[in-house]
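Okay, here's what each chain looks like letter by letter:
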Amino acid sequence: MSGLELTDVNKLYGDAHVIHDVNLSVEPGEFCVFVGPSGCGKSTLLRMIAGLEDISQGTLEIGGREVNDVDPSKRGVAMVFQSYALYPHLSVRENLGFGLRFDKTPKDEIDRRVGAAAKTLQLDHLLERKPKALSGGQRQRVAIGRAIVRKPEVFLFDEPLSNLDAELRVNMRVEIARLHKELGATIVYVTHDQVEAMTLADKIVVLRAGRIEQVGRPLDLYDDPDNIFIAGFIGSPRMNFLPGTVSEASGNAVQVRLDSLSAEPITLHLKDALSVGDTVTVGIRPEHLSQDGPAQIRLTTDIVEHLGGESYVYAHDDGGTRLVMKLGDAREVRPGGQQITAGFDPARAYLFDADGNRCR
Amino acid sequence: MTARADLVSHRESMPESRRRSALRRKEAIVGYLFILPALIGLILFYVLPTLRAAQISMTSWNLMRPAKWVGFENYTKLWADGQFWDSMWITLLYVMYNIPVQTALGLLIAVLADRLAKSVTFRAVIIAPYLISNVVAGLVWLLMLDPLIGVTNSFLGLIGIGPQAFLSSPDQSLVSVAAISIWRHVGFTALLFYAGLQSIPRDLYEAARLDGASEFAMFRLITLPLLRPVLVFVLVTSVVGSFQIFDVIAVTTQGGPADSTRAVLWYIYENAFKFSRMGYASAMSMVLFVILILVTLLQMRLLRGDQSDLG
């Protein structure tokens, strides 16, 4: 298995600059997930690695070899498409072996590899069927199988689970994780679903508007986001953001008054310097809000979602700011108008400056 | 009890299966109403004339005197008519010149337009000849292929080829008529293929590219199999159309020279309107009708025209 290295990679379509100075290293055997909102350039970046899009500037190395000008089929990559891209007129067996017929693989070897992939993916009994006669999950497995038989150095997945229903998506997620473990493969995986990113990735790359916002392990991004975008994007339900103003600053302690909430000012300890009057945003994860805690906010409930083991309480304060709390048990909380108190520990709150950058 | 309540209670008392079949009947009536205008057109302009032709084919009728019932006499006469079978052979030759070239050229243009230049102007230009009527196309080419004053021979002269007789030569006339027809129809054929190509998902080509397939392999292994339904449509309509070649021949050669372009429809026309043998001409029309149905069914069966792998 090989890793890959992107250095100062840019993509331009005429005057439109869609990928900006991407520098990224994916280690051999690593599961790297590109995540970001629609239009952030994650699929474009993946297609550039595959060779389906040219690299306008910068270099791409796979296994230490620069491949900018190498034909897609010679890069040692295999791709699983969002639509599966199965050949509808060919059987599962022919689909699986399609790629091998062009590099003059002997027929015996094609049969052996197709058989092995079919066994790994439990497709043995479906080999003679056409894609039309398969379920969504089976099609997905054929698409993955087609990549496996080629024994690539790097697997590329372009939103492979987005066409599946919720239950199947969870199953296939587990399947892909198992496969990664079995094959020890280097995988670059694109998704807009941060749950997929969190559960599958060794490394998450968060993209926004063609730029890398942050790279890191899933929990590092969750626990230590660099900016307000990452903080809001990673985590479900998303982080609560409360506008505030620095009311006091002395040494490494700042006191922040929350603008719209009927709460006492909170004190945070930071290394970054802030001045009195600075506009800031306080971020609190839903699970860090509870019905008690040193800092208190008075809220009115809107909706309560009971998921069984946990509940989400959606509420607002007098100024209209909306918050969501994650509670272990919210059976006694009524939706629509109940007055409740939400508390949190300021030490667990995140502070962002006016530009959205994290103050640490 | 009000009428509405009556209705509700009546409905409730109806078994589920009966209620459903009543609904289905109602939907069927609406469906028939939608196709009624087309059905009326089909009956008035296709079914009735066909039945009438079948009836006339059993008569001897010269348009002047009342038709006389002769049974299958016209058909037995036709069986022994060498000129009829000659005209069928000429038509078949014409189809064999016309269809492969028109289909292959149309496919080539469509694939090139799809893979290289998705230009609207290009598509507009290639469809232009189809917008001209067959008669006008025939007249234009009659002038262009004229052995003495036509521009075609002037162009051939530029590349060192001597003057050709084209429509005036029994050896070249049928090929020339086929060429005119190809020129007029190839753009339309290409456009049909082009539309068919748009229904093939792009990512199939991308997946094949990653697999190392060449452009030709992609054409052979992806484009051609997935274009099959369009190919069948193009083949069936163009083969049926080619069997009915008439107007270009009427304008350019009138069956000549030396009967070399006397296709079956021209022969039928001659019998009906030159020799006033309506019964005999109708019998030939009926035979052509049956042959075309058989040819169409054969094409549909061989090329599995009713099945698509897409969707």
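The model shown is predicted, which means the values in this text are computed figures rather than measured ones.

Chemist: Explain the overall build of chain A residue by residue, including any values.
Modeler: The helix and strand inventory of chain A stands at 8 helices and 20 strands. Principal-axis analysis of the C-alpha atoms places the extent of chain A at approximately 75 × 45 × 35 Å. Taking all 360 residues of chain A together, 54% fall into the buried category. The long-range share in chain A, meaning contacts at least 24 apart out of those at least 6 apart in sequence, stands at 66%.

Chemist: Report on the pattern of salt bridges, specifying residues and quantitative values.
Modeler: Where side chains of opposite charge bring their charged atoms close, a pairing between them can arise. A complete count under the given rule lists 23 salt bridges over all chains for this structure. A salt bridge links Arg113(A) to Glu109(A), with the nearest nitrogen and oxygen atoms 3.0 Å apart. Pair noted here: Arg113(A) and Glu109(A) are both in helix α3 (residues 107-120), with a separation of 4 residues, about one helical turn. For Glu109(A), a relative accessible area of 23% translates into the label partly exposed. By sharing partners, the salt bridges in this structure join Lys11(A), Arg47(A), Glu53(A) and Glu206(B) into a single network.

Chemist: Quick rundown of helix α10 (residues 215-226) of chain B? Include the residues and the values.
Modeler: Residues and elements named next belong to chain B. Taking 1.5 Å per residue as the helical rise, α10 with its 12 residues ought to reach 16 Å, and the 15 Å between its terminal C-alpha atoms agrees with that figure. Residues of α10 that are buried include every one of Ala217, Met218, Leu221, Ile222, Thr223 and Leu226, and no others. Down the axis of α10, the smallest arc covering the buried residues is 160 degrees, so these residues share one side. Of the surrounding elements, those touching the buried residues of α10 are α4 (82-115), α8 (173-198), α9 (202-210) and α11 (228-243).

Chemist: Residues and numbers for the domain arrangement of chain A, please.
Modeler: All names here are of chain A. Domains assigned within chain A are domain 1 (4-233) and domain 2 (240-359). Each of domain 1 and domain 2 has a C-alpha centre, and the two are 38 Å apart. Contact residues are listed per partner, giving 9 residues for domain 1 and 9 residues for domain 2. For the pair domain 1 and domain 2, the two sides together bury roughly 800 Å², of which 51% comes from carbon and sulfur. For domain 1, the biggest contributors to the area lost against domain 2 are Tyr222, Ile228 and Ala231; these three give 59% of the whole. Inspection of the domain 1/domain 2 interface yields 1 salt bridge. A salt bridge links Arg358 to Asp224, with the shortest nitrogen-to-oxygen separation between them at 2.9 Å. Across the domain 1-domain 2 interface, the total number found is 8 residue pairs in polar contact (both at pLDDT 80 or more). At the level of secondary structure, the elements contributing two or more residues to the side of domain 1 that touches domain 2 comprise α7 (218-223) and α8 (228-233).

Chemist: For the environment of Leu112(B), give the residues involved together with the corresponding values.
Modeler: Looking at the element boundaries, Leu112(B) is found in helix α4. Looking at Leu112(B), the relative accessible area reads 41%, which means it is partly exposed.

Chemist: Could you give an account of the state of the cysteines, with specific residues and numbers?
Modeler: Residue and element names in this part refer to chain A. This model, assessed by the stated rule, comprises 0 disulfides over all chains. Cysteine Cys32 shares no disulfide, and the gap to the nearest cysteine sulfur, in Cys40, comes to 13 Å. Overall, the relative accessible area of 0% leaves Cys32 in the buried class. You can call Cys40 buried: its relative accessible area is 3%.

Definitions and cut-offs
- Residues numbered from 1 in each chain as written.
- Chains lettered and ligands numbered in written order.
- Predicted model: local features only at pLDDT ≥ 70, side-chain atom pairs only at ≥ 80, totals over all residues.
- Heavy atoms only, no water.
- Helix = DSSP H or I, 4+ residues; strand = E, 2+ residues; numbered from the N terminus.
- Buried < 20%, exposed > 50% of the residue type's maximum accessible area, 1.4 Å probe, protein only.
- Contact = heavy atoms within 4.5 Å.
- Salt bridge = Lys/Arg side-chain N within 4 Å of Asp/Glu carboxyl O.
- Expected span 1.5 Å × (residues − 1).
- Arc of directions from axis to C-beta.
- Domains from an automatic or database assignment.
- Buried area = accessible area lost by both parts, 1.4 Å probe.
- Polar contact = N/O pair within 3.5 Å; in protein donor to acceptor, adjacent residues only side chain to side chain.
- Disulfide = S-S within 2.5 Å.

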